[in-house]
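Each chain, letter by letter, is given below.
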Amino acid sequence: MSDEEHHFESKADAGASKTYPQQAGTIRKNGYIVIKGRPCKVVEVSTSKTGKHGHAKCHFVGIDIFTGKKLEDIVPSSHNCDVPHVNRTDYQLIDISEDGFVSLLTESGNTKDDLRLPTDESLLGQIKGGFEEGKDLVVSVMSAMGEEQICALKDIGPKN
C-alpha cells in the first residue's frame, strides 16, 4: 500500500474550538455554559436527586452574555456540557463613527474598527457622553464563540 491511497478529509466543525466540555455536575453559579447554542452566564443551578433508574439532573438557568435573554437547560449531571471560552479585553476608545462603529486602540498599538456600539441604552449613553466631553475612556470587550461586544466602561481621566 502506498501513501497516495490514504486521503483523509477533515470534517471538523469550525466552532469546535470555541467551547470546551465540562461535566454538568461541576458547573457552578457565575460560571459559563452554552445553552441552545448561546454563551450564557449561569445565574442558578439546581440538582435533582436520582430516580430509581435515572441519573441526577442539573437544571441550569443562564443569561445570554450578549443579548441578556434568560435561557434554561436540563442536563444529566454525569453528561458533558459545552462551556464557552470567554475573554475580556480592555481597549482605549479613539473614535466613534456616525454609523455606530467604534475605533479602539489595542495594546500592540493597532486599531480595531470592527465593533459596534453596545445596544444597552445606559452604557451607550455613558460612552457617547464621555467621548463628547473629551474624556479618555477604556472599554471592556467581552468575546465568546466568535462574537464580541462592549460590556463595560472605565473613565481614566480627561485627555491631556
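Residues numbered from 1 in each chain as written. Predicted model: local features only at pLDDT ≥ 70, side-chain atom pairs only at ≥ 80, totals over all residues. Heavy atoms only, no water.

Topic: the layout of surface pockets
Okay, step 1: Looking at the largest pocket, its volume works out to about 230 Å³.
Okay, step 2: Along its surface, the largest pocket is lined by 17 residues, and Ile65, Phe66, Gln149, Ile150 and Cys151 are the ones closest to its centre.
Okay, step 3: For the lining of the largest pocket, the elements supplying multiple residues, two or more each, are strand 4 (57-64) and strand 11 (147-158).
Okay, step 4: Tallied by class, residues from the lining of the largest pocket come to 9 nonpolar, 4 polar and 4 charged. (1 Å grid on protein atoms, 1.4 Å probe; cavity = no way out; pocket = protein on both sides within 12 Å on 5 of 7 lines; lining within 4 Å. Points joined across faces, edges and corners; volume = space filled by probe spheres on them. Helix = DSSP H or I, 4+ residues; strand = E, 2+ residues; numbered from the N terminus. Nonpolar A, V, L, I, M, F, W, Y, C, P; charged D, E, K, R; others polar.)

Quick look at helix 1 (residues 121-132)
Okay, step 1: With 12 residues, helix 1 extends 16 Å between its outermost C-alpha atoms, agreeing within 8% with the 16 Å of an ideal straight helix rising 1.5 Å per residue.
Okay, step 2: Those residues of helix 1 not exposed but buried are Leu123, Leu124, Ile127 and Gly130. One side of helix 1 holds all its buried residues, which, seen down the axis, span an arc of 145°. Projecting away from the buried face of helix 1 at angles above 90 degrees are the exposed residues Glu121 and Glu132.
Okay, step 3: One or two steps after helix 1, the chain reaches Gly134, where phi turns positive at roughly 80°. (Expected span 1.5 Å × (residues − 1). Buried < 20%, exposed > 50% of the residue type's maximum accessible area, 1.4 Å probe, protein only. Arc of directions from axis to C-beta.)

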